[in-house]
Amino acid sequence: MLKLSLTPGEYLTIGDGITVQLCRCEGGRAYLAVAAPREIPVVRGAVLERAGGRRPPGLAPAVPKGHKSDFPL
């Protein structure tokens with residue numbers, strides 16, 4: 001897994017058609033903007049898992065609300 005550090009305004013690209021930009025970090029949250037073709041679904045992990053999907057392998061464990069993450073923003 002590739003881990004990157006971005007500052008607000010910076011972005012990354014995935015392939016030729018997906019761009020993810022860090023808009024701002026505030027109160028322990030990162031606000032992202034995702035531009036992707038309509039045929040590529042972009043779904044929040046919590047929504048995917050609530051609908052019965054599985055958490056992708058290789059991700060850090062989910063951090064319960066109210067706990068501090070090991071990944072500082």
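Residues numbered from 1 in each chain as written. Predicted model: local features only at pLDDT ≥ 70, side-chain atom pairs only at ≥ 80, totals over all residues. Heavy atoms only, no water.

Draft legend 1. Spotlight on the pattern of salt bridges. A full pass over the atoms with the stated rule returns two salt bridges. Between R24 and E26 there is a salt bridge whose closest N-O contact spans 3.3 Å. Linking R55 and E49 is a salt bridge whose minimum nitrogen-to-oxygen distance equals 3.4 Å. (Salt bridge = Lys/Arg side-chain N within 4 Å of Asp/Glu carboxyl O.)

Draft legend 2. Region of the structure containing the sheet that holds strand β3 (residues 29–35). Taking strand neighbours across the sheet as the criterion, the three strands line up as β1-β2-β3 in an open arrangement whose pairing is antiparallel. Of all the strands in the sheet, just β1 (11–14) and β3 have a single pairing partner and so form its edges. Averaged over all pairs of adjacent strands, the angle between their axes in this sheet comes to 25°, without regard to strand direction. As judged from the seven bridges shared by strand β2 (residues 18–26) and β3, these two strands associate in the antiparallel manner. Its bridge partner being in β3, V20 is matched across the sheet by V34. (Pairing = 2+ DSSP bridges. Helix = DSSP H or I, 4+ residues; strand = E, 2+ residues; numbered from the N terminus. Axes fitted to C-alpha atoms, helices over the stretch in contact; angles between N-to-C directions.)

Draft legend 3. Representation of the confidence of the model for the protein chain. Scored by pLDDT, the protein chain comes out at a mean of 87, with 89% of its residues at no less than 70. For the protein chain, helix α1 (residues 45–50) is the element with the lowest average pLDDT, namely 91, and β1 is the one with the highest, namely 96. (pLDDT = per-residue confidence, 0-100.)

Draft legend 4. Here's a closer look at the environment of T7. With respect to the helices, strands and loops of the structure, T7 is situated in the segment before β1. Judged by its relative accessible area of 44%, T7 falls in the partly exposed class. In this structure the C-alpha to C-alpha distance between T7 and R24, which are 17 residues apart in sequence, comes to 7.9 Å. (Buried < 20%, exposed > 50% of the residue type's maximum accessible area, 1.4 Å probe, protein only.)

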